[in-house]
Amino acid sequence: MFGRSFRVLAHSARPLRQLSTEAAGAATPAASAPPPPPPAQLTTPMPEVSVREFGKPPRRTKKYAAQDAQRIRQHLARLRPRLQQTGSVQTDLVRPSEMLDHESSQLTLEAMMAAGMHLGHCTSLWNPMNLRYILGEREGIHVINLEETLAAVRRAAHFVRSVAYEGGLILFVGSRKEHRQMAVDAALHAEQYFITGKWLPGTLTNPKPLLGKHVTYTEDVWDVEEARELAEQQQERLLVQRAEDAVQQQGKRRFKGASGQQRFMKMVEEEKERASREADSLHTYKPDLIIALNPLECQTMLAECRLAHVPTVGIVDTNCDPRAVSYPVPCNDDSVRAVSMVAGVLARAAKDGLELRRERLKKAVDEHYRNASENAAANALDKQYGAAGEERE
Amino acid sequence: QRVLAVAAARYHQPAMLPYKPENGLAPFLSPQSVDFLYNMRQIELINNVNRLSEGTELESKTLMNVITDSALDPNKVPLTNNASQAWNMDFFLQSLTDDPRPLRDDVRRTIAEHFGSFERFQETFTQCALALFGNGWTWLVQSDNGQLSVMNTFNAGSPFTAIPSVKNAVPKGASYASINRTTSRRPFTRLTPILGLSMWQEAFVPDYGIDRETYVSRFWDVVNWSVVNERLANTRSGSRTDA
């Protein structure tokens with residue numbers, strides 16, 4: 001690269017020398033000798049700017065200025081994400097202390113203390129209704145009695161398990177930023193539901209204007225798939241029953257002149273239409289249990305639960321009123337690890353309840369089919385030999 | 001799986017190189033040199049970044065974001081230095097190749113447009129690299145308006161945080177809309193690095209000793225020009241090829 005520019009210099013130098021010697025008219029031996037080599041230097045001289053290397057550069061006119069600017073902007077905007085990925089490769093990190101799968105039996109007093117569950121708030125900020133949960137005072141804060149916490153967690157876990165066992169709908173509510181992912185993880189672990197944003201006031205007491213117009217894409221999922229057929233058969237039977245009742249009450253008045261059979265068929269059609277309309281319409285469900293990870297900030301929600309008769313479980317700190325929830329769990333709400341432990345225990349309890357429920361339902365369905373097949377076999381045998389039996393008798 | 005946008009903790013690891021570090025980068029760096037830079041130095045830097053960003057709000061961010069966010073905080077100087085050096089090292093190693101091809105015409109043309117000729121750019125770059133006293137990096141950067149320039153950063157300096165933004169750049173009679181423009185709120189002038197050369201002693205002393213000129217001249221033999229071409233914006237007006 002530097003050799004090339006040297007050649008250029010040497011090339012342009014030669015004609016000048018020859019001209020000068022010709023002008024002088026004297027052919028000295030020094031003129032024909034090659035030019036002396038340049039002195040050795042650490043740095044090489046700056047090479048000539050050669051405009052002729054690629055022809056004249058195009059003139060930058062105003063016409064192209066905006067295009068240029070936009071093209072450069074777009075290119076740099078495309079390049080920057082790739083530069084962001086330079087430097088290192090990132091992978092997700094899993095921290096076992098933040099994972100939510102604790103059994104209530106794994107909860108020990110030492111683990112709870114390590115998570116900081118015993119640290120209450122400043123003594124001047126306490127709520128006196130918490131007196132029974134407080135062990136004492138140290139360094140200006142109240143210390144929560146972890147034995148009470150343990151008992152309360154076990155009580156709440158038992159309740160959550162029974163609600164899940166009965167097929168209840170559990171809602172995990174975590175509105176603080178640190179609790180959001182925890183609420184989501186707990187809900188997904190237990191196959192239940194979560195709220196992480198703001199609780200819309202009136203969700204339970206005034207649902208129609210708030211939830212009535214939402215378009216949702218939901219799918220009804222059966223706890224046990226094998227029970228689907230039986231449930232559908234039962235629904236059909238209910239439909240027919242309702243039609244019969246309706247015919248008895250209003251049939252003669254509504255369908256004058258039609259025969260009994262026609263009246264019945266018309267009512268069955270009406271019931272079917274109503275059932276399909278209900279199936280297509282929006283379903284709103286009231287939760288059977290709400291688990292609040294920070295009840296201090298959700299007083300509206302807890303007041304609505306009291307009005308709508310929804311039981312609640314909540315993590316109450318020394319400055320919270322424990323009467324706001326049905327099953328208070330006295331614990332430090334500022335420690336992320338403490339809340340994650342409690343949420344983990346409750347999520348595991350809900351999951352256990354759901355699994356027990358599934359076992360029970362599966363057993364019931366299997367038994368039903370077994371009985372049905374036995375009965376069918378027995379009926380078949382009766383049919384075969386019944387007449388003979390009756391004749392014999 | 002994470003459902004919400006709540007950031008999960010992330011862990012940095014050295015990125016894969018397009019060549020085997022054990023084979024080295026002839027004639028620029030010997031296998032021992034590349035092995036030291038990548039398998040020992042880069043891993044040490046990345047581990048330091050992981051250790052220093054763990055538990056803070058920067059633990060899930062990419063390395064570039066870690067650099068720009070921690071550069072303003074004087075308490076986070078070790079984190080900034082380690083992250084910046086790790087990014088610079090990876091950028092430098094990714095720009096090299098063990099299968100050198102001749103210089104591409106489009107790269108030569110684009111650079112010649114800014115520097116007069118490609119040789120002049122090489123000379124400028126070399127002089128800047130040799131002028132660096134102490135450890136540092138020499139960069140070819142492109143600014144937001146497409147202007148290419150050669151720049152030095154010292155020790156573990158990053159081109160992203162090298163130049164603070166000119167706060168008085170808003171002209172007189174600015175409108176209400178221009179007051180809220182993000183350029184005035186950005187702490188650093190935005191520069192996009194195109195090519196980088198490590199002038200740290202750890203890079204050239206094992207192979208070249210005190211002879212930095214040969215080190216820089218051999219650098220040009222192993223630059224991966226296709227990668228450089230991807231990074232360069234084509235600034236020729238009226239050109240049909242899209243950048």
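Residues numbered from 1 in each chain as written. Chains lettered and ligands numbered in written order. Predicted model: local features only at pLDDT ≥ 70, side-chain atom pairs only at ≥ 80, totals over all residues. Heavy atoms only, no water.

Let's shift gears to the pattern of salt bridges. In a structure, side chains of opposite charge can pair up when their charged atoms sit close to one another. Counted under the stated rule, the structure contains 22 salt bridges over all chains. In this structure, the salt-bridge partner of Glu 230 of chain B is Arg 82 of chain A, at a minimum N-O distance of 3.0 Å. Highlighted residues: Glu 230 of chain B in helix α10 (residues 225-231) and Arg 82 of chain A in helix α3 (residues 62-85), drawn from two different chains. Exposure remark for Glu 230 of chain B: the relative accessible area of 45% places this residue in the partly exposed category. Linking Arg 176 of chain A and Asp 334 of chain A is a salt bridge whose minimum nitrogen-to-oxygen distance equals 3.3 Å. Taken together, the residues Arg 176 of chain A in the loop between β5 (170-173) and α6 (177-190) and Asp 334 of chain A in the loop between β9 (327-330) and α11 (336-392) connect sequence positions 158 residues apart. Residue Arg 176 of chain A is classed as buried on the basis of its relative accessible area of 17%. Residues joined by salt bridges that share partners form a network here, namely Arg 176, Glu 297, Asp 333 and Asp 334 of chain A. (Salt bridge = Lys/Arg side-chain N within 4 Å of Asp/Glu carboxyl O. Helix = DSSP H or I, 4+ residues; strand = E, 2+ residues; numbered from the N terminus. Buried < 20%, exposed > 50% of the residue type's maximum accessible area, 1.4 Å probe, protein only.)

So, about the pairing of strand β3 (residues 134-138) of chain A. All names here are of chain A. Here β3 pairs with strand β4 (residues 141-144) via 4 bridges, running antiparallel. Bridged to Gly 136 within β4 is Val 143. Hairpin connection between β3 and β4: a loop of 2 residues separates the two successive antiparallel strands, and Glu 139 in this loop has a positive phi of roughly 55 degrees. (Pairing = 2+ DSSP bridges.)

With that settled, the discussion passes to the packing of helix α4 (residues 105-115) of chain B against helix α5 (residues 118-131) of chain B. All names here are of chain B. At a minimum axis separation of 7 Å, α4 and α5 run at an interaxial angle of 70 degrees. As the angle between them shows, α4 and α5 are arranged roughly perpendicular. Here Arg 108, Ile 111, Ala 112 and Phe 115 of α4 come into contact with α5, specifically with Phe 118, Glu 119, Arg 120, Phe 121 and Thr 124. A breakdown of the residues in the contact of α4 with α5 according to their chemical character gives 5 nonpolar, 1 polar and 3 charged. (Axes fitted to C-alpha atoms, helices over the stretch in contact; angles between N-to-C directions. Parallel < 35°, antiparallel > 145°, perpendicular 65-115°, else oblique. Contact = heavy atoms within 4.5 Å. Nonpolar A, V, L, I, M, F, W, Y, C, P; charged D, E, K, R; others polar.)

Nothing here speaks to function; it is geometry throughout.
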